[in-house]
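Given next are the chains, with one letter for each unit.
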Amino acid sequence: MSRRVIFIRNTLAVMIAAVVGGSYVYFRGADLPSAHAAAINAPLVASNSTPAAPAGPVVAAATDFSGIVERAGPAVVNISVTGKVRKVADDDGGNGNGLDPNDPFYEFFKHFGPQLQMPQQPRVMHGLGSGFIISQDGLILTNAHVVDGAQEVVVKLTDRREFKAKVLGIDKQSDIAVIRIDARNLPTVQIGDPTRVKVGEPVLAIGSPYGFDNTATAGIISAKSRSLPDDNYVPFIQTDVAVNPGNSGGPLFNLRGEVIGINSQIYSQTGGFQGLSFSIPIDVAMKVEQQLVQHGKVTRGRLGVSVQDLNQALSDSFGLKKAQGALVSSVEKGSPADKAGVQPGDVILGFNGHEIDHSVDLPTLVADTAPGSTKPLEVMRAGKVRILNVTVGEMKQASNEAPASKAEKQGRLGLAVRPLDKDEQKQLGGQNGLLVEDASGPAAVAGIQSGDVILALNGTPVSSVAQLRKLAAEAGKNVALLVERGDEKIFVPLALN
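Residues numbered from 1 in each chain as written. Predicted model: local features only at pLDDT ≥ 70, side-chain atom pairs only at ≥ 80, totals over all residues. Heavy atoms only, no water.

A.B. asks: Would you explain the overall build of the protein chain in this entry?
C.D. replies: A count of helices and strands for the protein chain gives 12 helices and 28 strands. Evaluated residue by residue, the protein chain yields a buried proportion of 43% over its 497 residues. In the protein chain, the share of contacts with a sequence separation of at least 24, taken over all contacts with a separation of at least 6, comes to 62%. Put simply, the protein chain shows about 26200 Å² of open surface, and 53% of that area lies on carbon and sulfur atoms. (Helix = DSSP H or I, 4+ residues; strand = E, 2+ residues; numbered from the N terminus. Buried < 20%, exposed > 50% of the residue type's maximum accessible area, 1.4 Å probe, protein only. Contact = heavy atoms within 4.5 Å. Areas by Shrake-Rupley, 256 points an atom, 1.4 Å probe, with all protein chains shown as cover.)

So, in structure tokens, the structure goes:
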């Protein structure tokens, strides 16, 4: 074989090896931390020294969250709820978001948990969510929408113990709820500082997506202080962590194993995860938790203004050097802001010594201010900065105290009943009974509906509400109701609390 042929073959072999080897290093290096990837993909430098022995294959070093899962996982709980199904408006298309399909936020699937299964009969909601223990004596944080309207809340731990929980209070505006179970020496999470997190930082979520308990998913922080439609109070942490129905109320951890947020919402066109999830910063949640535990409700300050972010065009038109602050779009007449002299078109740059960078910063700061206190407000108007003193008002909202459940009001059976009138007795052949006006709790789970007639409990005929309650109070864990529906009579078993 000629020297020319040998040279060509050797040259081709070197070129092929370089192409294949270079491709291998590129793809593997792309999965590594930036410093490692840069070292791997750095250009080769010629050297006269003896070549070193070939190194083994490069392996990407993924972030190991196993230690966090092992330590904090036992403090993450599964929450199952039972309650009455809310009627969905016919014009809502069954989506439950109440938005017009042409609305740009129609596809924002807000409050992705709990995971619902809603049978037509009986009209009962069974939901799943997540939560985490913050005190050894059974205090648990979750989302308000997980337990709102629930008639029974059951908490399951990783050791398979189950407890019935009491809802201490909910705050719909921040979507935070506090519940308690009767237990001691429980594992707890460690609370972190969400103000220290950075975009791009790895984070971990633990929860019960679709009922799969203690599922861990990881990702990075995608953005901070994210403002969402109809949520002008919470500066959300945006991540790409995979969260799904059932994750709602579960914790978001940083690399130190500290909780920095509560998973609350996702953006989705399907109802499942599509790369955007939003968490409530834990500092916001803990302030709410303190008020709910102490007072059963949350008190917030208010100014009475509507604000928006500024883009470059708006900042230029208002004479700002950069796009920052909260642009006042409207002022409520007679509100604290109106009395202080705030006008539409003002740009609020600071409140009580705190700089306002994004519009979401303002309602967060004001809400944490005690109503009745007077604070300085720094505004830009007509190119000039001025200070206005505003006396903060109190935000009016529906009481978020956890009311007594319908099951408690309606006794152990969960029934709202009344005696039959004369006409109804005639229709039933003159017999006594109690007409069901509403069914919840054990009765609803058993399938009893409005319009049914309760004739007897455990074989004893009933004719008054007081008699039925007395018989139920003296019964054991299971009772049998004789129910008449239409032309049929049937015994219905009920499992009581």
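A.B. asks: How do you make sense of the side chain of Asp 452 when you look at a structure like this?
C.D. replies: One can find Asp 452 in the loop between α11 (441-446) and β25 (453-457). One polar contact links the side chain of Asp 452 to the main-chain amide nitrogen of Gln 449, over a distance of 2.9 Å. Leave out the neighbours within four places in its chain, and Asp 452 touches Leu 434, Leu 435, Val 436, Gly 447, Val 483, Glu 484 and Arg 485. (Polar contact = N/O pair within 3.5 Å; in protein donor to acceptor, adjacent residues only side chain to side chain.)

A.B. asks: Before we go on, may I ask you to explain the pattern of salt bridges in this structure?
C.D. replies: Opposite charge on two side chains lets them pair, provided their charged atoms get close. Evaluated as defined, the whole model comprises 14 salt bridges. Between Glu 332 and Arg 302 there is a salt bridge, with the nearest N and O atoms lying 2.5 Å from each other. Placement of Glu 332 in the loop between β17 (326-331) and α7 (336-340) and of Arg 302 in strand β15 (residues 301-302) is noted, with a sequence separation of 30 residues between them. (Salt bridge = Lys/Arg side-chain N within 4 Å of Asp/Glu carboxyl O.)

A.B. asks: Looking at this model, I keep getting lost on the side chain of Ser 135. Mind explaining?
C.D. replies: Of note, Ser 135 is situated in the loop between β3 (124-133) and β4 (139-142). For Ser 135, a relative accessible area of 17% puts it in the buried group. Only 2.4 Å separates the side chain of Ser 135 from the side chain of Asp 137, close enough to count as a polar contact.

A.B. asks: Honestly, the packing of aromatic side chains in this entry has me stumped. Any pointers?
C.D. replies: For any two aromatic rings, the description comes down to two numbers: the centre-to-centre distance and the angle of the planes. According to the stated counting rule, one finds 1 aromatic pair in the structure shown. Centroid distance Phe 236 to Phe 278: 6.4 Å. Interplanar angle 80°. Geometry classified as edge-to-face. With Phe 236 in strand β11 (residues 231-239) and Phe 278 in strand β14 (residues 277-281), this pair connects stretches of sequence that are 42 residues apart. (Phe/Tyr/Trp six-rings, centres within 6.5 Å; stacked < 30°, edge-to-face > 60°.)

A.B. asks: Could you clarify how one ought to interpret unusual backbone geometry in this entry?
C.D. replies: With the exception of glycine, the majority of residues adopt a negative phi angle, and the majority of peptide bonds are in the trans configuration. For Ser 225, which is not glycine, the phi dihedral falls at a positive 50°. With respect to the helices and strands, the residue Ser 225 is situated in strand β10 (residues 215-228). Even without a glycine there, the phi angle at Asn 352 is positive, about 55°. Among the secondary structure elements, Asn 352 is positioned in the loop between β18 (347-351) and β19 (354-355). Overall, Asn 352 belongs to the partly exposed group, its relative accessible area being 31%.

A.B. asks: Quick question: what am I supposed to make of helix α5 (residues 282-295) here?
C.D. replies: Residue pairs three or four apart in sequence face the same way in an α-helix, which turns once every 3.6 residues. Given a rise of 1.5 Å per residue, 14 residues ought to cover 20 Å, and the 20 Å separating the end C-alpha atoms of α5 matches this to within 8%. After α5 finishes, the residue Gly 296 shows a positive phi value of roughly 80°. (Expected span 1.5 Å × (residues − 1).)

A.B. asks: Help me understand the nonpolar core in this model?
C.D. replies: Grouped burial of nonpolar side chains is what soluble globular proteins tend to show. Formed by 31 residues in total, the largest nonpolar core has its most connected members in Phe 132, Leu 141, Phe 253, Ile 262 and Ile 282. Of all the secondary-structure elements, those providing two or more residues to this core are α3 (66-72), β4, β7 (176-180), β9 (202-207), β11, β13 (258-266), β14 and α5. With sequence-adjacent residues up to four places away left out, Leu 141 is seen in contact with Gly 131, Phe 132, Ile 134, Ile 176, Ala 177, Val 178, Gly 249, Ile 262, Ile 282, Ala 285, Met 286 and Glu 289. (Core = buried A, V, L, I, M, F, W, Y, C linked by side-chain atoms within 4.5 Å.)

A.B. asks: Help me out: how do you make sense of the environment of Glu 152 in this one?
C.D. replies: Looking at the secondary structure, you find Glu 152 in strand β5 (residues 152-156). When the C-alpha positions of Glu 152 and His 126 are compared, they lie 9.8 Å apart, and in sequence the two are 26 residues distant. Within the local environment of Glu 152, its side chain forms a polar contact with the side chain of Lys 164, the two groups lying 3.5 Å apart.

A.B. asks: Got a minute to help me understand the environment of Asp 346 in this structure?
C.D. replies: Tracing the sequence through the fold places Asp 346 in the loop between α7 and β18. Asp 346 sits in the buried class, given a relative accessible area of 1%. Looking at Asp 346, its side chain comes within polar contact range of the side chain of Arg 381, at 2.8 Å.

A.B. asks: When you look at the pairing of β4 in this model, what are you seeing that I'm missing?
C.D. replies: On any regular strand, side chains alternate: one points to one face of the sheet, the next to the other face. Taking every second residue as pointing to the same face, both faces of β4 are buried, with Leu 139 and Leu 141 on one and Ile 140 and Thr 142 on the other. The pairing of β4 with β7 spans 4 bridges and is antiparallel. Of the residues in β7, the one forming a bridge with Thr 142 is Ala 177. (Pairing = 2+ DSSP bridges.)

A.B. asks: Where do I start with the confidence of the model for the protein chain in this structure?
C.D. replies: Atomic detail in the predicted coordinates should be set aside for any region of low pLDDT. Confidence in the prediction of the protein chain, expressed as mean pLDDT, is 79, and 75% of residues score 70 or more. Between residues 1-53, whose pLDDT stays under 50, and residues either more than four places distant or in other chains, the model counts 22 contacts. Predicted confidence for residues 86-110 stays below pLDDT 50, and this span has 31 contacts to residues more than four positions away or in other chains. (pLDDT = per-residue confidence, 0-100.)

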